[in-house]
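The chain contents come next:
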Protein chains: 2
Amino acid sequence: MKEIEALWRDVRELSLGNSVRIEKLESPPTPLQFLRDFISPNKPCIVSNAINHWPALSSWTHDDYLTQAISSTHVSVHLTPNGRADAIVPFNNNQAESPPLQCFASAHVELMPFAEALSLITSSSSESSSNLKVVAYAQQQNDCFRSEYSELGSDCDPHIPWASEALGCLPEAVNLWIGNHHSQTSFHKDHYENLYAVISGEKHFLLLPPTDVHRLYIRNFPAAYYSYSRETKEFTLELEKPTRYVPWCSVNPYPSPESKESEMSKFPLYFNGPEPFEFTVKAGEILYLPSMWFHHVRQSPDDRGRTIAVNYWYDMQFDIKYAYFNFLQSIHCRSNLKATLHDNQCEDSDSGF
Amino acid sequence: MKEIEALWRDVRELSLGNSVRIEKLESPPTPLQFLRDFISPNKPCIVSNAINHWPALSSWTHDDYLTQAISSTHVSVHLTPNGRADAIVPFNNNQAESPPLQCFASAHVELMPFAEALSLITSSSSESSSNLKVVAYAQQQNDCFRSEYSELGSDCDPHIPWASEALGCLPEAVNLWIGNHHSQTSFHKDHYENLYAVISGEKHFLLLPPTDVHRLYIRNFPAAYYSYSRETKEFTLELEKPTRYVPWCSVNPYPSPESKESEMSKFPLYFNGPEPFEFTVKAGEILYLPSMWFHHVRQSPDDRGRTIAVNYWYDMQFDIKYAYFNFLQSIHCRSNLKATLHDNQCEDSDSGF
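Residues numbered from 1 in each chain as written. Chains lettered and ligands numbered in written order. Predicted model: local features only at pLDDT ≥ 70, side-chain atom pairs only at ≥ 80, totals over all residues. Heavy atoms only, no water.

**Student:** Run through the UniProt feature "domain: JmjC" (unreviewed entry) in chain A, naming residues and quoting values.
**Tutor:** Those places that UniProt annotates as "domain: JmjC" (unreviewed entry) correspond, in this numbering, to residues 136–329 of chain A. With 14% helix and 41% strand, residues 136–329 of chain A has end C-alpha atoms that lie 35 Å from one another. (UniProt positions renumbered as here; feature names shortened; annotations may be inferred. Helix = DSSP H or I, 4+ residues; strand = E, 2+ residues; numbered from the N terminus.)

**Student:** Break down the relation of the copies chain A and chain B for me, citing the residues and quoting the values.
**Tutor:** One copy of the chain maps onto the second through a rotation about an axis and a displacement along it. In the superposition of chain A on chain B (RMSD 0.0 Å, axial shift 0.0 Å), the rotation amounts to 180°. Overall, the copies show the geometry of a two-fold rotation axis. If distances are taken from each C-alpha of chain A to the rotation axis, the shortest is found for S40(A), at 2.4 Å. When you check the interface residues of chain A against chain B, 100% turn up at the interface there too, and the contact is symmetric in its surfaces. (Least-squares fit on C-alpha atoms with pLDDT ≥ 70 in both. Contact = heavy atoms within 4.5 Å.)

**Student:** How would you summarise the pattern of salt bridges if you had to cite specific residues and measurements?
**Tutor:** Residue and element names in this part refer to chain A. The full count for this structure, using the stated rule, is 26 salt bridges over all chains. Across the salt bridge formed by D143 and R146, the nearest N and O atoms sit 2.8 Å from each other. Between R215 and D212 there is a salt bridge; the shortest N-O distance is 2.8 Å. Like D212, R215 is buried. A single salt-bridge network, built from bridges that share partners, covers D63, D302, R304 and R306. (Salt bridge = Lys/Arg side-chain N within 4 Å of Asp/Glu carboxyl O. Buried < 20%, exposed > 50% of the residue type's maximum accessible area, 1.4 Å probe, protein only.)

**Student:** Can you break down the confidence of the model for chain A residue by residue, with the values?
**Tutor:** A low pLDDT means the predicted coordinates there should not be read in detail. Residue and element names in this part refer to chain A. Looking at chain A, the pLDDT average stands at 91 and 93% of residues meet or exceed 70. Across residues 338–353, where pLDDT falls below 50, the model places 46 contacts with residues more than four positions away in sequence or in other chains. Per the prediction output, this complex has pTM 0.92; the corresponding ipTM is 0.91. (pLDDT = per-residue confidence, 0-100.)

**Student:** Please give an account of the interface of chain A and chain B that cites residues and values.
**Tutor:** When the parts come together, some accessible area is lost, and that loss is often what is quoted as the size of the interface. Facing the 35 residues of chain A at the interface are 36 residues of chain B. In this assembly, chain A packs against chain B so that about 3,200 Å² is buried in total across both faces, 70% of it on carbon and sulfur atoms. The largest contributions to the chain A side of the interface with chain B come from I320(A), Y324(A) and F327(A), which together make up 23% of the buried area. Linking chain A to chain B there are 0 salt bridges. Taken together, the links from chain A to chain B amount to 9 residue pairs in polar contact (both at pLDDT 80 or more). Taken together, the elements giving at least two residues each to the side of chain A that touches chain B come down to α1 (2–14), α2 (31–39), α6 (161–167) and α9 (320–330) of chain A. Tallying contributions element by element places α9(A) first for the side of chain A that touches chain B, with 10 residues. Taken together, the residues of the side of chain A that touches chain B sort by class into 21 nonpolar, 8 polar and 6 charged. (Buried area = accessible area lost by both parts, 1.4 Å probe. Polar contact = N/O pair within 3.5 Å; in protein donor to acceptor, adjacent residues only side chain to side chain. Nonpolar A, V, L, I, M, F, W, Y, C, P; charged D, E, K, R; others polar.)

**Student:** Summarise unusual backbone geometry; cite the residues concerned and give the values.
**Tutor:** P242(A) follows K241(A) through a cis peptide bond whose omega is -5°. As for its position among the elements, P242(A) is in the loop between β14 (234–239) and β15 (245–249). Positive phi, close to 55°, is recorded for K233(A), a residue that is not glycine. The backbone of D143(B) sits at a positive phi, close to 75°, despite the residue not being glycine.

**Student:** Hey, could you go over the sheet that holds strand β18 (residues 294–300) of chain B for me, with residue numbers and the actual values?
**Tutor:** Residue and element names in this part refer to chain B. Spatial ordering of the open sheet is given by β4-β10-β18-β12-β16, a layout of 5 strands whose pairing is mixed. Among the strands making up the open sheet, the edge pair consists of β4 (84–85) and β16 (277–282). Of the strand pairs in this sheet, strand β12 (residues 202–208) and β16 are connected by 6 bridges, and their pairing is antiparallel. Residue L207 lies in a different strand from β16, and its bridge partner there is F277. (Pairing = 2+ DSSP bridges.)

This is the structure:
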């Protein structure tokens, strides 16, 4: 409806500088500046020259250093056939007459020695998509950097000092991510303030502000999980029993050429609305990704075939902004945008996502 | 509608501590605390022991001190028959058959020697409401403390240091208010962050968060102004020509006993919804009144018959919170609250207030 479309414009004109270019700081802000200019207005930025002193920036470029440092613990690795974990994928329900069901697919998670994980990641980095057998992404969003990777702790700061002082707390979780360009993260939001430091390779982000919630077509999908057989080297996708529904964004911002037209007609609020913020975070830079912003992430590997990042999740404030977001999400969106939206495409937008 | 009522509850449960008691600080916060805990979440507080060092707290209790200090300039005084300036009052349009028109009445503003203003204020302080001829309120919201009252400048700090540092700027305007209990300020909001210091007497506030905008029944009223004749000592109320409309809150939170029932049935969202924050700010205390909060103000005089306050207006950030507010205000509110609300009572809530 026209009021929601006005909100998309308003937040861009008032707060985000009417540009899809993200603000860049050449040095770390003071805690006050960071709180006033970015956290409080819920506005992203990229900070350069904030982590130049981290040993990780040089030492983690060497595979030998990493495998020797993490020789005694196993690490969590997410395995998928195509790099799409926590994503909406078709579920083949073997009923030829019905359209394929969409489900929310989780990765097969395996604990393995780090050297094996790194070898899986770097070896598939040079494979073409069509030859892929398995995509490995070493990550676990459970504070894994301070648990599974504690031997690397002294290579990074334990927290981002100006962010901790601004937010008045230490990070709730610190996560390490090692993957290659086959892995991507589908559109979603987190209930955290996120400081995302890239150590090696590059991360490519698409961002939409929380005001644009209706443009992502959040729907409830049945939860499913991949199982991987080491023997057959094959994945099977199974629905969870009993059925559990996961509210997730429907939009794939990079549809294949053959599905592009149908995707654009299914999700006109996304494809015909304001452009998302699109930018790359390079090794040595930190992205401030504000709480509740929708983000989609792809990556490019370094010359060793991997992308490495560490992110710091800080508790967010559940304040008036959050109350407004919940209100907005509870409003049904019946847009006339390009006249391609049907009412029912917005009708369950008040899910508990 | 139910989504808007949920927002009223949500902002109280999440951000405001589910209480109508305002948070009190026993000493000034650091700039970071103030920004993080109050400005960013748009949450009011009262700060004690922040202005104990101001000479004004003792010297302004003496009328002689004030009149001698401000002997060379004239000051702006707002004159009304009843203490209600910038308020919705009935306009007698001399057409017996039609219901009385409501208008937005501005005071008669006169420049006069300060001694005369003070005498007008303190002498009417002891009058009963029924004997009142004229109510004087020395104030002008145009930075008057730094212009008309510049001789008193050294009695207060030129700004509130922890607020200035938090907000990253100096006050846009500093205003002085000298009145008595006959003057009150009707519900409205300001596009400023407001630091409100009471020097003598007490101020009684009613506050509602910006999320409650529909509960104030903002409507367009024709602008009118009082004229005061020194000869006849009578006021006349005239409509502005050409007609100008002012969007203003319709609700009088303290209706007279005889009009109470009709007011409650006209404004059920106010009278049957969540209680406003209701509290008193005493001499020596500072209220942080966040931008966009609706406030109604009454006052009690000190033993010399006057209430004195100085307020500091800082520019607000027009950020995502403001965009959300505009969106909320643009949504029509059709509530079932207590089944006493008629649709048409909400229908012009998307005025440009």
